[in-house]
Amino acid sequence: MDILALLADGFWVALQPQNLLLVVLGVTVGLFIGAMPGLGSVNGVAILLPMTFLVPPTGAIIFLGAIYYGAMYGGAISSIMLGIPGASTAVATTFDGRPMALQGNADRALVTAAIASFIGGTISVLLFTFFAPPLANVALAFSSPEEFSLMLLAFATFIGLGGDDIPKTLFSICIGLVMSSVGLDLISGQPRMIFFGLPGFFHGIHFLVLAIGIYGIGEILWTVESSKGGMKLSQATLTLRRIIQGIKTTKETFKATVMGSFLGYFVGILPAAGATPGSLMAYGVAKSLSKNPETFGKGNPNGVAAPEAANNAASTGSMLPMLTLGIPGSPTTAILLGGMVIWGLEPGPMLFVEHKSFVWGLIASLYVANLFALLINVAFIPAFVWVLKLPFTILAPIIFILCIVGGYAPTQDMHDVWLMLIFGVVAYLMRKLDYPMAPAVLAIVLGPLAETSLRQSLLISDGSFSVFFDRPIACVFMIIAIALFALPVLNLIKKRLMHKTHG
Amino acid sequence: MRITRIYWLFSAMSLVFTGAFTSTAYAEGWQPKKPVEFVIMAGKGGGADKMARLMQTIIEKHQLSSKPFIPVNKPGGSGAESLIYLKQKKGNDHVIMVTLNSFYTTPLRQPDLDVDISTFTPIGRMAEDTFLLWVHADTPIKSVDDFVKAVKAKGGDWIMAGTGKGQEDELLTNFLNIAYDLNMKYVPYKGGGRVAKELAGKHADSTVNNPSEQLGFYEAGNTRPLAAFTPQRLDLFKDAPTFKELGKNFVYFMQRSVVGAPGMSKEAEAYYRDVFARVYASEEWQQYMKKKSLQGGFLTGDKLKTYWAGEKANHKIMLKDIGEIK
């Protein structure tokens, strides 16, 4: 009951007119920042950070938190409508959101994304409210071996089950892994694979550059070919009835949404992970658990619901280690943490004791932000759908410009724009050869995390792999991952045997 | 460009919202003609990044500059990316950079970069961050003597967590290994916050964090400082002796300095020097220094260049000791 009293105090703070205004403003700004390719929540929060000196610290963090939240909703919009991931966290949403839009179900995809985000946000804030201290201990118990086994599990979900061609999936993952190792090696400090000695490779290949190349540029090329430049992108219609219908059909995606929420939250609270791996993993798990995994990547609403629920849940989740341990769970919370330092709030275990009204005001404002984000998002859906009615000849150049901006924004280096264009062409060719591209994106996100945690673990254990099996959490993950890897092989053997006995 | 434009939009919005059209405090003479690129030699969220953003905020709040300072992170290659970038911006009056000790170590470790830090324009040393030796509070280790005994008992399995390879933390670990004849295992992590957490979660046995990184855990009673790598005891940790008191003459700081591109005009140099002198003198900066146990006065011009030359020579010796350079 103590918690409820604190939460009530928090709501009193969050519902102050000034703070409420900041929430609404933050969510709206965030929605657009998230929808703008390349301008994800990280940049949005970084840009607006100095502005927050104008309001008291609690109002400031509420504002930035609302932007963060709004951006999670917004990222889905350009992923679905234009096929360009609006933010790194929304990459997984493109996998199925884009096909849905092309099939004329853009409105349904947007409604699914909004509702999944709302459920993900709500579940995560509830978890935050009632289980913050024990969950902080979970984050503390996670070290390199646990992290590596979790990453392995994520890869396994992409390979193990599902209808894709396994050798091609593996090939795609390997390409992604190779690209993820470009740049500076954390452990030895040495530069690796600096092609042609170009300084642009020193900061590595930013994965948004790859994702925008594949899904933005590749998509334009694909559409140009398949439509011969003539047709409209999709037959999008929108009536109130379709929205209500859309809301009703969310029952189908409910399971994936709840799964995504819990998974996203959990991944979010782990330091170093954040919303991007969370949403990709949720997509992989949703596909693994699905009865018809072969429909994923072809417009399955579950493929939109799971990552969208996960990225919102993860954004709340990553605030937990920020507040309780003083370490950011995602790049965006790293900036928020910087903000707290500026306002003179010391993150760490004592924050919950010494600055109660700040912590609970923030938590309560997350409830409020979540509700407003849903309302504002749904209100804008007709405007977004209208975009799709533009002829392709107008839309394609707009998408192209947004891709260029999106490729430039993360590192502000023209080198990356060229790289993105090359990726686009290569992705188009690979798609013609029927290679799945999602695993490559997964690999470039998780590759660096997996590599560093593997090497840290082996440094600790003097090169012995037993470190992954001595520790209970790591051991469980490892066993599940190995089982998932082994499953398709066993299936193959079974099929061969069946074949033999019958033939 | 997009970011810059949006930034302006919001800056303008913020002015409108508060009606804060107060009189400005700009310096006389040379003024920036466009937004100033404020390069950060490290990633978002790290110690250098936090400090750069605090400086930016102070400049903004007190309206010390007529044009905004736009932070840009270029962390690649332990700062190699930003050093090369700054070198290429020779003669540019609108690019400045926040540096740390990789300012010395990266050019020493990677001579191919062909970066000579003495050509960079000295603007101001804003602070020196301090280092302490930390262990978990649940261990019975109360002093450096206990620490040495415990490490020796564990042999080569004692884990020292730190940030990066060939960087500050590894130099300090190496100092401890040599000074006390130890054989600690050094495991690098990304960022000081993560290192602090590894200690609090008992995944590492010790760290050499900055006070700001461990403060949260220290106040919650999770971690304990054993000794400081400073000339005098720190006010925040009165009980922790200095290594000097313990008979090991070893003092190590992390510089927090602002530098300009090589060949910057004298007028621009004077302008930035004035801006950062005001930042240094501001109440916010002074409070931050006190709270995070930062040391060091404001240094600029030839004094800062001499300081860099001295530090570079020190780092050359230390890097040789750990076999990073010949």
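Keep in mind that this is a model prediction, so the values were computed, not measured.

(A) Structural view of the interface of chain A and chain B. In this complex, chain A contributes 57 residues to the contact, which on the side of chain B involves 54 residues. Carbon and sulfur atoms supply 68% of the area that chain A and chain B bury against each other, a total of about 4700 Å² over both sides. The tally of links between chain A and chain B comes to two salt bridges. Lys185(B) is the partner of Asp462(A) in a salt bridge, and the nearest nitrogen-oxygen pair spans 3.4 Å. The tally of links between chain A and chain B comes to twelve residue pairs in polar contact (both at pLDDT 80 or more). Elements with a minimum of two residues in the side of chain A that touches chain B: α2 (17-35), α3 (41-48), α6 (106-141), α7 (144-159), α15 (331-342), α18 (392-408) and α20 (438-460) of chain A.

(B) Quick peek at the domain arrangement of chain B. Residue and element names in this part refer to chain B. The domain boundaries assigned to chain B delineate domain 1 (26-129 + 253-321) and domain 2 (132-237). Domain 1 and domain 2 are separated by 28 Å when their C-alpha centres are compared. Between domain 1 and domain 2, the residue contacts involve 17 residues of the former and 14 residues of the latter. Together domain 1 and domain 2 conceal approximately 1300 Å² of surface at their shared face, both sides included; 55% is due to carbon and sulfur atoms. Here domain 1 and domain 2 share zero salt bridges between them. Seen at the junction of domain 1 and domain 2, the total is zero residue pairs in polar contact (both at pLDDT 80 or more). Mapped onto the side of domain 1 that touches domain 2, the elements with two or more residues apiece are α4 (102-109), β10 (254-260) and α11 (301-321). With four residues, the single largest contributor to the side of domain 1 that touches domain 2 is α11. Each residue belonging to the side of domain 1 that touches domain 2 can be placed in one class, and the counts come to four nonpolar, seven polar and six charged.

(C) Structural context of the sheet that holds strand β9 (residues 223-228) of chain B. Residue and element names in this part refer to chain B. On the basis of which strands lie adjacent, the open sheet formed by five strands has the order β7-β6-β8-β5-β9 and mixed pairing. The outermost strands of the open sheet, each flanked by one partner alone, are β7 (185-189) and β9. Sheet topology note: the strand β6 (residues 159-163)/β7 ladder contains five bridges and is parallel. Across the sheet, the residue bridging to Met-160 is Tyr-186, located in β7. Against the sheet, helix α6 (residues 168-179) makes contact with β5 (132-136), β6 and β7, and its axis sits at roughly 150° relative to β6, the strand it touches most.

(D) Here's a closer look at the sheet that holds strand β2 (residues 69-73) of chain B. Residues and elements named next belong to chain B. Read from one edge to the other, the open sheet built from five strands follows the order β2-β1-β3-β10-β4, with strand pairing classed as mixed. A strand with exactly one partner marks an edge of an open sheet, and here the two such strands are β2 and β4 (121-129). Neighbour-to-neighbour, the strand axes of this sheet turn through a mean angle of 20°, independent of strand direction. Inspection of the sheet shows strand β3 (residues 95-99) paired to β10 by four bridges, in the antiparallel sense. Its bridge partner being in β10, Met-97 is matched across the sheet by Val-259. Those strands touched by α11 are β4 and β10, and its axis lies near 60° from that of β4.

Reading the values: rules and limits
- Residues numbered from 1 in each chain as written.
- Chains lettered and ligands numbered in written order.
- Predicted model: local features only at pLDDT ≥ 70, side-chain atom pairs only at ≥ 80, totals over all residues.
- Heavy atoms only, no water.
- Contact = heavy atoms within 4.5 Å.
- Buried area = accessible area lost by both parts, 1.4 Å probe.
- Salt bridge = Lys/Arg side-chain N within 4 Å of Asp/Glu carboxyl O.
- Polar contact = N/O pair within 3.5 Å; in protein donor to acceptor, adjacent residues only side chain to side chain.
- Helix = DSSP H or I, 4+ residues; strand = E, 2+ residues; numbered from the N terminus.
- Domains from an automatic or database assignment.
- Nonpolar A, V, L, I, M, F, W, Y, C, P; charged D, E, K, R; others polar.
- Pairing = 2+ DSSP bridges.
- Axes fitted to C-alpha atoms, helices over the stretch in contact; angles between N-to-C directions.

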